[in-house]
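Spelled out from the first residue to the last, the chains are:
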Amino acid sequence: KEKRRQMGDTKHFCPVSLKENFVLYPGLYEHAAKYREKIYFFSSSENRDKFLKDPEEYVAHNEPIQAPPLRVCLLGTHGAGKTTCARQIADKLGIFHIQFEEYLQELILPKTKVKVAPYLDEEPEEDDNKMPILSQELEDFAQHTTKTATEQSKQEVELTDEEEAIKANLMDNQALPPEVLDNIVLDWWKSEPFRSTGFILDGFPRTLDEARYLSERGLCPDVAVYIQVEESDILDRLFPPRLKKWKERQHKKMENKKKLKDLKAKMRV
């Protein structure tokens, strides 16, 4: 008898979530309802009541109900190759590729002017005891030439609370508040062109709290893929470019020391 029962047009997915949010949200057996000899499952009792109030709003009529586009969450540790795989998948399937951390960088880049990086990627400060002692004339010259630029820089880096939260996340991995995520993530599910095209979200969710956020907002990906890579492979991939970057910084530092030495010599003359 159970096998002869027909499920509704959206099968085991909630028709209200599909109609209103264009999201395939799995329904629950305890929130089921019957309409025209078909069984419909809902994500919550509120959605069930909304359906029963006006069923014709949520069922198919002349054509089958259209399913939403593919939405993929691609997860994995840093250096696992998520971005490379995501670009290939997005190109093959004709969907958007969203690199989460890169997207955060773009949100604050107009003010910071440079990408925000964790402290591990920054050049450590020089020990004042090891730096050559500048003459008073050189100090005055440096202060005069950098004062205006410093004041402009301070004005440019005045960030809003949301931008400060994004910067703290990029610098120190501090959790993004739900209200900040609302301004970023909701558009990918509910606004065009993402809503009708689909996307592969590279590097989100990254934590259990972010996964819970998606669940609480009813933002269900169709597929979640986790890339698992050996630590040795990640080291082989990340170490050479970081070593090259370190060498470039050291070379630039030596050049700056030489310029400083030449400038001191000119001022003494």
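Throughout what follows, the structure given in this document is the object of discussion. Predicted model, so just to flag it, every value in this text is computed and none were measured. (Residues numbered from 1 in each chain as written. Predicted model: local features only at pLDDT ≥ 70, side-chain atom pairs only at ≥ 80, totals over all residues. Heavy atoms only, no water.)

Examining the overall build of the protein
(1) Moving on: Helices and strands together make up the secondary structure of the protein, namely ten helices and seven strands.
(2) Moving on: Burial status across the protein gives 29% buried among its 269 residues.
(3) Moving on: Excluding contacts between residues fewer than 6 apart, the proportion of contacts in the protein whose partners are at least 24 apart in sequence is 70%.
(4) Moving on: About 18,700 Å² of surface is accessible on the protein, with carbon and sulfur atoms providing 52% of the total. (Helix = DSSP H or I, 4+ residues; strand = E, 2+ residues; numbered from the N terminus. Buried < 20%, exposed > 50% of the residue type's maximum accessible area, 1.4 Å probe, protein only. Contact = heavy atoms within 4.5 Å. Areas by Shrake-Rupley, 256 points an atom, 1.4 Å probe, with all protein chains shown as cover.)

Side note on a nonpolar patch on the surface
(1) Moving on: Taken together, the side chains of Leu70, Ile89, Leu93, Val223 and Val225 present a nonpolar region at the surface, about 350 Å² in accessible area.
(2) Moving on: Secondary structure elements with two or more residues in the nonpolar patch: helix 3 (82-93) and strand 7 (223-227).
(3) Moving on: Under the relative-accessibility criterion, Val223 is labelled partly exposed at 34%. (Patch = residues over 30% accessible without salt bridge, like charges linked within 9 Å, V, L, I, M, F, W, Y side chains within 5 Å. Salt bridge = Lys/Arg side-chain N within 4 Å of Asp/Glu carboxyl O.)

Describing the sheet that holds strand 3 (residues 38-42)
(1) Moving on: Pairing is mixed across the open sheet formed by three strands, whose spatial order is 1-3-2. Bordering the open sheet on either side are strand 1 (6-7) and strand 2 (28-35), each of which pairs with just one other strand.
(2) Moving on: Bridge analysis of strand 1 against strand 3 gives two bridges, and the strand direction is parallel. Considered in strand 3, the bridge of Met7 is made with Ile39.
(3) Moving on: Lying on the sheet, helix 2 (residues 45-53) is in contact with strand 2 and strand 3; it crosses strand 2 at an angle near 0 degrees. (Pairing = 2+ DSSP bridges. Axes fitted to C-alpha atoms, helices over the stretch in contact; angles between N-to-C directions.)

A word on the packing of aromatic side chains
(1) Moving on: For the coordinates displayed, the defined rule picks out ten aromatic pairs.
(2) Moving on: Judged by centre distance (5.2 Å) and plane angle (80 degrees), the ring pair of Tyr103 and Trp188 falls under edge-to-face. With Tyr103 in helix 4 (residues 100-112) and Trp188 in helix 7 (residues 178-190), this residue pair connects regions lying 85 residues apart in the sequence.
(3) Moving on: Residue classification places Tyr103 among the partly exposed positions, given a relative accessible area of 28%.
(4) Moving on: What makes Trp188 buried here is its relative accessible area of 1%.
(5) Moving on: The structure contains a cluster of three or more aromatic residues connected by ring pairs, namely Tyr35, Tyr40, Phe42, Phe51 and Tyr58. (Phe/Tyr/Trp six-rings, centres within 6.5 Å; stacked < 30°, edge-to-face > 60°.)

Description of the sheet that holds strand 5 (residues 96-99)
Adjacent strands of a sheet pair through backbone hydrogen bonds, lying either parallel or antiparallel.
(1) Moving on: The strand order 5-6-4-7 describes an open sheet built from four strands, whose pairing is parallel. The sheet is open, and its two borders are formed by strand 5 and strand 7, each paired with just one other strand. In this sheet, neighbouring strand axes are inclined to one another by 20 degrees on average, regardless of whether the strands run parallel or antiparallel.
(2) Moving on: Direction of pairing for strand 4 (residues 71-76) relative to strand 6 (residues 199-202): parallel, over a ladder of four bridges. Residue Val72 lies in a different strand from strand 6, and its bridge partner there is Ile200.
(3) Moving on: Contacting strand 5 and strand 6, helix 4 crosses the sheet at an angle of about 75 degrees to strand 5.

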